Amino acid sequence: MSNISCAFANRIIMKYMDGRATEKELALLRAHAGECPSCGEDLELYGRLMTDFNQECLEEAPDGFDDAVMTKIAALDITRESVQARVESFMCCASGVFSALIGVGVLLFLNKEPLLNYLAGNERFLNLIDVWASVSIFADRLSAGATAFMSSSAAAVAPYLSNARPTLLVAALALGFTRYILYKRVKPAKLGRND
Amino acid sequence: MNLCELNDYEVIRQCLNGDEDCFAILVGRYKNLVYSVILRMVNDRDEADDLAQDVFIKVYKNLDKYYPDFKFSTWIMRIATNHVIDYRRKKRMETVSLDDMTHEEADKSFKAEESPESSLMRGEEKALITKVINGLPDMYKIPIVLYHHHGLSYQEISEVIDEPLSKVKNRIFRGRKMLRDNLAGQI
Ligand SMILES: [Zn+2]
């Protein structure tokens, strides 16, 4: 009787199927398989599988395969956005949002008096102020310096701005429109062949 | 510059830069691999032809999503196996009749320069083993075919099927056992 166990014989078979079994191991396996019917059957069956696995398995794709694929591709209409185009569209969106925020800020600032008057007459808003009073004391202190600076500079610019309200509105519209045109003109590279 | 000498990634760059004819180079390089693997999975030549074409169209559409982190062959195998699995799922077809394949395989073997008897036996043996492999569920069949028929490493298979290495090894191990048992059950 050979001196390896069935479990060890099985491990050698798996190593053999991985192409890693040594000659010595294979000799041990064969010796064991000669005496052990169960492992003998294993070796025979796995050997048949390996014979099949070792045969050339690459099938040729049918004739005309390439043409069929390329014809189908030609019929596709694929637009690919380059990385650059993606960055540009992101920048367009970002600057659009930024412009909008600036615009809203300017509008709020220019109309601050009617707005504040309206809010002062609104009970709900006044209640809200009460609730937030303690919080806002802290916030006020924190932002007092910044606010002072901003309001003084805003006050300096305000007279010019309030005279130029219609001009500003037109400029903002023009800016938005220009951005839109620019965005539309950055067309992604077209890769379909149907043009 | 000879386009055929470019590596896969360079060819892909060319395609992405608008020279879509370059894609034909990739089709030429990988059509047999894709077709063979799919044929192993569906066991029908016409079906394999259609599916392999679909795979290349999918590859083309997603070319900008390829990153050279892994080999292009691995990526394309991943698309191919997923595509066939999806297709199967849609068709709800788990096992197929193997008759067409087995006759074809047997016919092919006759062309070899052997005595008709021995080649017939070889053809039958091959057909038998093809049948046994086809009887495996996809989760075992795909790793077995990629490993044993197409020589992919465990690591590459793990990238193709997007499963950890341990799972790949386990499936190949269990797949072999199933093949052995099924082969033993054949007369
Ligand atoms: Zn034994």
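Anyway, here's the lowdown on the structure attached to this text. What you see is a predicted model, and the numbers here were worked out from it, not measured in a lab.

So, how was this worked out
- Residues numbered from 1 in each chain as written.
- Chains lettered and ligands numbered in written order.
- Predicted model: local features only at pLDDT ≥ 70, side-chain atom pairs only at ≥ 80, totals over all residues.
- Heavy atoms only, no water.
- Helix = DSSP H or I, 4+ residues; strand = E, 2+ residues; numbered from the N terminus.
- Buried < 20%, exposed > 50% of the residue type's maximum accessible area, 1.4 Å probe, protein only.
- Contact = heavy atoms within 4.5 Å.
- Phe/Tyr/Trp six-rings, centres within 6.5 Å; stacked < 30°, edge-to-face > 60°.
- Donors = N, O, S within 2.8 Å, 3.2 Å for Na, K, Ca; no water.
- Tetrahedral: all angles 85-135°; square planar, octahedral: opposite > 155°, others 65-115°.
- Core = buried A, V, L, I, M, F, W, Y, C linked by side-chain atoms within 4.5 Å.
- Domains from an automatic or database assignment.
- Salt bridge = Lys/Arg side-chain N within 4 Å of Asp/Glu carboxyl O.
- Polar contact = N/O pair within 3.5 Å; in protein donor to acceptor, adjacent residues only side chain to side chain.
- Nonpolar A, V, L, I, M, F, W, Y, C, P; charged D, E, K, R; others polar.

1. Quick notes on the overall build of chain B
For chain B, the helix and strand inventory stands at nine helices and zero strands. Each helix and strand of chain B, placed in order from N terminus to C terminus, yields the pattern α-α-α-α-α-α-α-α-α. Put simply, chain B has 187 residues, and 51% of those count as buried. Put simply, 59% of the contacts in chain B that link residues at least 6 apart link residues at least 24 apart.

2. Topic: the packing of aromatic side chains
Residue and element names in this part refer to chain B. A full pass over the atoms with the stated rule returns eight aromatic pairs over all chains. Ring geometry for Phe23 against Tyr60: centres 5.1 Å apart, planes inclined by 75°, an arrangement best described as edge-to-face. Separated by 37 residues along the polypeptide, Phe23 in helix H2 (residues 23–42) and Tyr60 in helix H3 (residues 45–61) bring together distant segments of the chain. The two residues Phe23 and Tyr60 agree in class, both being buried.

3. Describing the coordination of the zinc ion
Residues and elements named next belong to chain A. The protein atoms that coordinate the zinc ion are Cys6 (SG), His32 (NE2), Cys36 (SG) and Cys39 (SG), at distances of 2.1 to 2.4 Å. Of note is the zinc ion, whose four donor atoms meet at the metal with angles of 99 to 116° in an arrangement that counts as tetrahedral. Of the residues examined, Cys36 reaches a relative accessible area of 10% and is grouped as buried.

4. Examining the nonpolar core
Across soluble globular proteins, nonpolar side chains show a tendency to be buried alongside one another. Residues Phe23(B), Val34(B), Ile38(B) and Phe72(B) are the most contacted members of the largest nonpolar core, which totals 78 residues. Here this core gets 13 residues from one element, more than from any other, and that element is H2(B). Two domains each provide a minimum of three residues to this core, namely domain 1 (6–55) and domain 2 (68–191) of chain A. Apart from the residues lying within four places of it in its own chain, the contact partners of Val34(B) are Ala52(B), Val55(B), Phe56(B), Ile76(B), Met77(B) and Ala80(B).

5. Considering the interface of chain A and chain B
Between chain A and chain B, the residue contacts involve 34 residues of the former and 48 residues of the latter. Here chain A and chain B share six salt bridges between them. Between Lys31(B) and Asp66(A) there is a salt bridge, and its shortest N-O distance comes to 2.7 Å. Inspection of the chain A/chain B interface yields 13 residue pairs in polar contact (both at pLDDT 80 or more). At the level of elements, helix H1 (6–17), helix H3 (37–53) and helix H4 (65–74) of chain A are the ones that each hand at least two residues to the side of chain A that touches chain B. For the side of chain A that touches chain B, the element with the most residues is H3(A), which contributes nine residues. Looking at the side of chain A that touches chain B, its residues break down into 19 nonpolar, three polar and twelve charged.

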